[in-house]
Amino acid sequence: VGAGPAQEDETTGGASQVLGLSMLELPEGHPLRKTWVKTLELSGSDTEVTAAKDTMLLVLEIPSESLDTTLQVLAERVREPGRGLEGIDEIKARLLRSHTDRAATPLAHGKLGEHFESLAYGRHPYSRTRDGTPDAVRGLNRERLAEFQKKWWAPNNLVLTLTGDVDPDKALARVQELFGAMPAAPMVRAAPPEVPLPDAPRKEILSLPVESSAMQV
């Protein structure tokens, strides 16, 4: 999806990550739920949800017979913003726990990550992290998420990539069947401001009880 933390603001911080993670869950009673749960079990550790800068990336390594289910789930979310968000409270709780864990971690890389983006980008939108801020995450609700999704999760702002044991013609026909009738959304994407280049080295020294060394470039 061509939207990530850089498209969020103080009221929607963490929205891209919450929406991405919500893709992995279907409510009880959904006709595809059993098949989808099985698909995710087969994908296992190869499942990746990452919101970074201008994108939200969902990666699934699935058996070819699960492709149609996966396409149906994705199409449903794009077609009906706000659907499937019944479990957002648990997802928000996980993001808030990650904030707490990072604050308490004794590992250097955890502390480094907290400060690297802000030191590198300042107040530029690229300094925003995928987990938002604790206050922003607490304020996320179904209405805000649905509005963010409606704005950015449109067919003309999605890239779908298929690899592996796939019949290209059949897969393309199915994608066109599921997504082809969906209207495009007007993309009002302002160009991000240029990141001001530092005119001198930026340095921040923190005294923390860490147990290891780390470097981030």
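Above this note sits the structure.
This is a predicted model, so every value here is computed, not measured.

### Some points on unusual backbone geometry
In step 1: Positive phi is not limited to glycine here, since Lys53 has a value of about 55 degrees.
In step 2: If you trace the backbone, Lys53 turns up in the loop between strand 1 (48-52) and strand 2 (55-59).
In step 3: Under the relative-accessibility criterion, Lys53 is labelled partly exposed at 23%.

### Regarding the nonpolar core
In step 1: Ranked by size, the top nonpolar core spans 35 residues in total, and within it Val18, Leu145, Trp153 and Phe179 carry the most contacts.
In step 2: When residues of this core are traced back to their parent elements, those giving at least two are helix 1 (15-22), helix 2 (33-43), strand 1, helix 3 (67-79), helix 4 (88-104), helix 7 (142-152) and helix 8 (168-179).
In step 3: Looking at this core, the element that brings in the most residues is helix 3, giving six residues.
In step 4: Those residues in contact with Val18, other than ones at most four positions away along the chain, are Ile88, Ile91, Leu95, Leu140 and Leu145.

### Looking at the pattern of salt bridges
Opposite charge on two side chains permits them to pair, given that their charged atoms come into close proximity.
In step 1: In this structure the tally under the stated criterion is 11 salt bridges.
In step 2: We note a salt bridge from Arg33 to Glu28, for which the minimum N-O separation is 3.6 Å.
In step 3: Between Glu76 and Arg83 there is a salt bridge; the shortest N-O distance is 3.5 Å.
In step 4: One connected set of salt bridges, linked through shared partners, spans Glu76, Arg79, Glu80 and Arg83.

Conventions and cut-offs
Every chain is numbered independently, its residues counted from 1 as its sequence is written. Residues qualify for local features only when their pLDDT is at least 70, as the model is predicted, and side-chain atom pairs are given and counted only at 80 or more; totals for whole chains, interfaces and linings, by contrast, use all residues. For the side-chain quantities, the full set of heavy atoms in the structure was used; hydrogens and water were omitted. Put simply, DSSP marks the helices as runs of H or I at least four residues long and the strands as runs of E at least two long, and each gets a number from the N terminus on. Per-residue accessibility, obtained with a 1.4 Å probe over protein chains only, is compared with the maximum for each type, and a residue is labelled buried under 20%, exposed over 50%, and partly exposed between these values. Residues enter a nonpolar core if they are buried and are Ala, Val, Leu, Ile, Met, Phe, Trp, Tyr or Cys, with the set joined through side-chain atoms within 4.5 Å. Between two residues, a contact is recorded if the distance between any of their heavy atoms is within 4.5 Å. In what follows, salt bridge is the name for a side-chain nitrogen of Lys or Arg lying within 4 Å of a carboxyl oxygen of Asp or Glu.

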